[in-house]
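# A look at the structure
Next come the chains, spelled out residue by residue.
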Amino acid sequence: MQSFKAPKGTFDLFTNSKEPWQEIRLWQWMEEECKKFSELFGFSEIRTPVFETTELFARGAGDSSDIVEKEMYTFLDKGERSFSLRPELTACLVRSILEHQLYTKLPCKLYTIASCFRHDRPQAGRYRQFHQWSLESIGIDSPFEDAEMIALAYGFLQRLGIHSTVLKINTIGTPDDRKNFQESLKEFLLPHFEKLSPDSQRRFHTNPLRILDSKESCDKELLQGAPTLCDYINSKSQTHFSLLKESLDRLGIAYQEDPLLVRGLDYYTDTVFEIASLKEGRQNSLLGGGRYNGLFRSLSSIDLPAVGFAAGIERVLLAYLDQGKPHLFTGNKKALFIPLAPDSEISSLCFADALRKKNIACELWLRGKKLSKALSFAAENGFSEAIILGEEEMSQKMATIKRLDQATQEKVDFDSIVPYFEQLRR
Ligand code: AMP
C-alpha cells in the first residue's frame, strides 16, 4: 500500500509530538502570546483568505522580488483566472483595507497570524508552508511609529526570554534616492559583471539594489568599495532615521546600523529592520519589516503611509526552545470516568453529560476493563481525577473519586458527583 506523507517542507502539529517545536500546545500558547501582545499595543485582528489574485502579489511585492519570481504557488482556477497561495501577508491586509475602506478611520492598526506559502528549498527553519505573525500600522508617517513597531517586536522577544538576538536597522530613503544610487552601483559593478554570482547578474538588470542582499562571497567581495546607499538618502529621510535612532536609544533598545540591509520587497521606504537570532546553523532571521509608504499607491489611487513587520512563528518557537527552559503546559483540569462494572458505561455517559453541562471537562475510558491500564492512561494524559465505577460502586450508588494530583481517594454518592466537581473547580 502507498503510504502518504505530508508534502515536503510542510509539517503536522499535535499533542506530544516528538519534535518539541511541533507540539500543538506550544503553538496555542505562542499564538495567544502574539494576540495579547498585539492588543497591548492597540492592534486588532484581521483574517484574510489563503489565496488571492496573483496580480496582487506581483504588484505588491514587485515582479522582480524572489518571492514573485520563483517562490509562489500559482494556479489557474476553472475560469482560467490566476491565483496564488499567499507568500506573505502585507499585500493581503492592504487589499482588505482598501476593499472595506478601513482607511476611513485612521490610524488603522491590524494584526494577523496565518500560514504563508513559498516554494523554496526546505531546511531547518525554512518551510514551504510556514506561519507569520504580521502587524501593520496604517496612516502614521512618523519615525516614532517606526520606533513603536520595533519596540513591539523587540519587547515580544524579550518577554519570551529570547535575548540572544541582534536588531539591524537601515534607511533606504525614497524610490528616487534608490534610483540615483542604483545607477552609481551599476556603474561601479559593470566592469566586474562577469565576476558576479548568476543571481546577482540577473538582479543587475531587474533590481540591482538586491545585490546588496547577496550572501554569495564573490558578490560580498565585489561590494567592498562600492558606493553606499546612505550617501544618496535625502535630508527628510535622514532626519526620520535620526529620530528613529534617538527613540530607540531612549527606549534602551540596542541596534546595529546595517547599510546593506535592503529587504527583499520593493515597496519599502525609509526604515527597514530585522531581528536575527545569533544562533548559527539555521535560518536566523526571526522577523523583519519596515515602512512601506509606496504600497498603497501601487495597489490603488490612494496614498497612505504604513509601517509593519512579520515574524516567523516557527523560528521564534525554535529560538524560544533554544533557551532550554521546559515548557509547562497548564491546560485545564479534566476528569476521567472509568466504567469497570458491566452496566456502568451508560451511567458514565450520563454523569459526563451532566458535568459538561456545567463546563467541567471530562472523558470516558472505553478501552477495556483493566483499572491499571485506565489509570496509567490518566496519569500520562494529565487527568486530575479518575471517577471509578466498579461493581461495588454501582451497587452502593457511589463513585470512587481518585484525586490523581494528590494520591487520595474518597467515595461520593451519585447525586453528589456534579456538586463535588463544581466545588473542586471553583
Ligand atoms: P519576510 O516576509 O521574507 O520578510 O519574512 C518575515 C519572517 O518570516 C522571517 O523573518 C522569517 O522568520 C519568516 N519566514 C520567511 N520565510 C520563511 C520560510 N520559508 N520558512 C519559515 N519562516 C519563514
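If you're wondering where the values come from, they're calculated on a predicted model, not measured in any experiment. (Residues numbered from 1 in each chain as written. Predicted model: local features only at pLDDT ≥ 70, side-chain atom pairs only at ≥ 80, totals over all residues. Heavy atoms only, no water.)

Turning to the site of the ligand, a few remarks are in order. Within the structure, the ligand sits among 13 residues, and Arg-118, Tyr-127, Arg-263, Ser-285 and Leu-286 are positioned closest to it. With respect to the ligand, the backbone of Tyr-127 contributes an N or O atom lying 2.9 Å from a nitrogen atom. One of the side-chain N or O atoms of Gln-132 is found 3.1 Å from an oxygen atom in the ligand. In the complex, the protein chains occlude 89% of the 490 Å² of accessible area that the ligand would expose alone. Elements with a contribution of two residues or more to the shell around the ligand: strand E6 (129-138), strand E10 (285-291) and strand E11 (306-312). By residue number, the principal contributor to the shell around the ligand is E10, which donates 3 residues. When the residues that make up the shell around the ligand are grouped by side-chain class, the tally is 5 nonpolar, 4 polar and 4 charged. (Near = heavy atom within 4 Å. Polar contact = N/O pair within 3.5 Å; in protein donor to acceptor, adjacent residues only side chain to side chain. Areas by Shrake-Rupley, 256 points an atom, 1.4 Å probe, with all protein chains shown as cover. Helix = DSSP H or I, 4+ residues; strand = E, 2+ residues; numbered from the N terminus. Nonpolar A, V, L, I, M, F, W, Y, C, P; charged D, E, K, R; others polar.)

It is the contact of helix H1 (residues 24-40) with helix H11 (residues 313-322), at a shortest axis distance of 11 Å, that shows an interaxial angle of 105°. As judged from the angle between their axes, H1 and H11 are roughly perpendicular. Here Leu-26, Trp-27, Trp-29, Met-30 and Cys-34 of H1 lie close against H11, whose contacting residues are Ile-313, Glu-314, Val-316, Leu-317, Tyr-320 and Leu-321. (Axes fitted to C-alpha atoms, helices over the stretch in contact; angles between N-to-C directions. Parallel < 35°, antiparallel > 145°, perpendicular 65-115°, else oblique. Contact = heavy atoms within 4.5 Å.)

This paragraph deals with empty space enclosed by the protein. The tally for this structure, following the rule as stated, stands at 1 cavity of 30 Å³ or more. Here the largest cavity is characterised by a volume of approximately 30 Å³. Ser-277, Arg-282, Gln-283, Asn-284, Leu-286, Arg-315 and Ala-319 together form the lining of the largest cavity. Its residues placed into classes, the lining of the largest cavity shows 2 nonpolar, 3 polar and 2 charged. (1 Å grid on protein atoms, 1.4 Å probe; cavity = no way out; pocket = protein on both sides within 12 Å on 5 of 7 lines; lining within 4 Å. Points joined across faces, edges and corners; volume = space filled by probe spheres on them.)

Pairing is antiparallel across the open sheet formed by 3 strands, whose spatial order is E2-E4-E3. At either end of the open sheet lies a strand with only one pairing partner, and these are strand E2 (51-53) and strand E3 (74-76). When strand polarity is set aside, the average angle formed by the axes of neighbouring strands in this sheet is 35°. Examined bridge by bridge, E2 and strand E4 (residues 82-85) share 3 bridges and lie antiparallel to one another. (Pairing = 2+ DSSP bridges.)

Let's shift gears to the packing of aromatic side chains. Under the counting rule described, the total for this entry stands at 20 aromatic pairs. Look at Phe-11 and Tyr-127: their rings are 5.2 Å apart centre to centre, the planes differ by 75°, and that puts the pair in the edge-to-face class. Here Tyr-127 lies in the loop between strand E5 (108-117) and E6 and Phe-11 lies in the segment before H1, a separation of 116 residues in the sequence. The buried category is assigned to Tyr-127, whose relative accessible area is 14%. On the basis of an interplanar angle of 45° and a centroid distance of 5.5 Å, the ring pair of Phe-37 and Phe-41 is categorised as tilted. Among the residues examined, Phe-37 registers a relative accessible area of 5% and is labelled buried. Each residue in the set Phe-37, Phe-41, Trp-133, Phe-156, Phe-273 and Phe-309 is aromatic and connected to the rest through ring pairs, giving one cluster. The side chain of Lys-334 reaches across the aromatic face of Phe-383, ending 4.4 Å from its centre. (Phe/Tyr/Trp six-rings, centres within 6.5 Å; stacked < 30°, edge-to-face > 60°. Buried < 20%, exposed > 50% of the residue type's maximum accessible area, 1.4 Å probe, protein only. Lys NZ or Arg CZ within 6 Å of the ring centre and 35° of its normal.)

The next point concerns the pattern of salt bridges. Tallied over the entire structure, the rule returns 21 salt bridges. Between Lys-36 and Glu-33 there is a salt bridge whose closest N-O contact spans 3.2 Å. Taken together, the residues Lys-36 and Glu-33, both in helix H1 and 3 residues apart, mark about one turn of the helix. We classify Lys-36 as partly exposed; its relative accessible area is 47%. Residue Glu-33 is classed as buried on the basis of its relative accessible area, which comes to 12%. The residue Arg-297 makes a salt bridge to Asp-303 at a minimum N-O spacing of 3.0 Å. Given the relative accessible area of 46%, Asp-303 is considered partly exposed. (Salt bridge = Lys/Arg side-chain N within 4 Å of Asp/Glu carboxyl O.)

Right, let's talk about the sheet that holds strand E7 (residues 165-171) for a bit. The strands making up a sheet associate through hydrogen bonds between their backbones, and the pairing can be parallel or antiparallel. With respect to topology, 8 strands assemble into an open sheet ordered E1-E5-E6-E11-E10-E9-E7-E8, the strand pairing being mixed. Two strands close off the open sheet at either side, each with one partner strand: strand E1 (44-45) and strand E8 (256-257). Direction of pairing for strand E9 (residues 271-277) relative to E10: antiparallel, over a ladder of 5 bridges. In the sheet register, Ile-275 faces E10, and the bridge partner there is Leu-287. Most of the contacts of helix H9 (residues 235-251) go to E7, to which it runs at about 155°, and overall it touches E7, E8, E9 and E10.

A few words on the pairing of E11. Counted residue by residue, E11 has 7 buried out of 7 residues, so it is predominantly covered. Side chains Ala-306, Gly-308, Ala-310 and Gly-312 project from E11 onto one buried face, and the interleaved Val-307, Phe-309 and Ala-311 project onto a second face that is buried too. As judged from the 7 bridges shared by E6 and E11, these two strands associate in the antiparallel manner. Pairing of Leu-135 across the sheet is with Phe-309, part of E11. Bridging between E10 and E11 involves 5 bridges; their strand directions are antiparallel. In the sheet register, Gly-289 faces E11, and the bridge partner there is Phe-309.

The subject of this paragraph is the packing of helix H5 (residues 143-159) against H9. For the pair H5 and H9, the least separation of the axes is 8 Å and the interaxial angle reads 40°. In this view, H5 runs oblique relative to H9, as classed from their interaxial angle. Two packed elements cross with a definite hand, and for H5 against H9 that hand is right-handed. Here Pro-143, Phe-144, Asp-146, Ala-147, Ile-150 and Ala-151 of H5 come into contact with H9, specifically with His-240, Leu-243, Leu-244, Ser-247, Leu-248 and Leu-251. Tallied by class, residues from the contact of H5 with H9 come to 9 nonpolar, 2 polar and 1 charged. (Left-handed = near helix turned anticlockwise from the far one by under 90°.)

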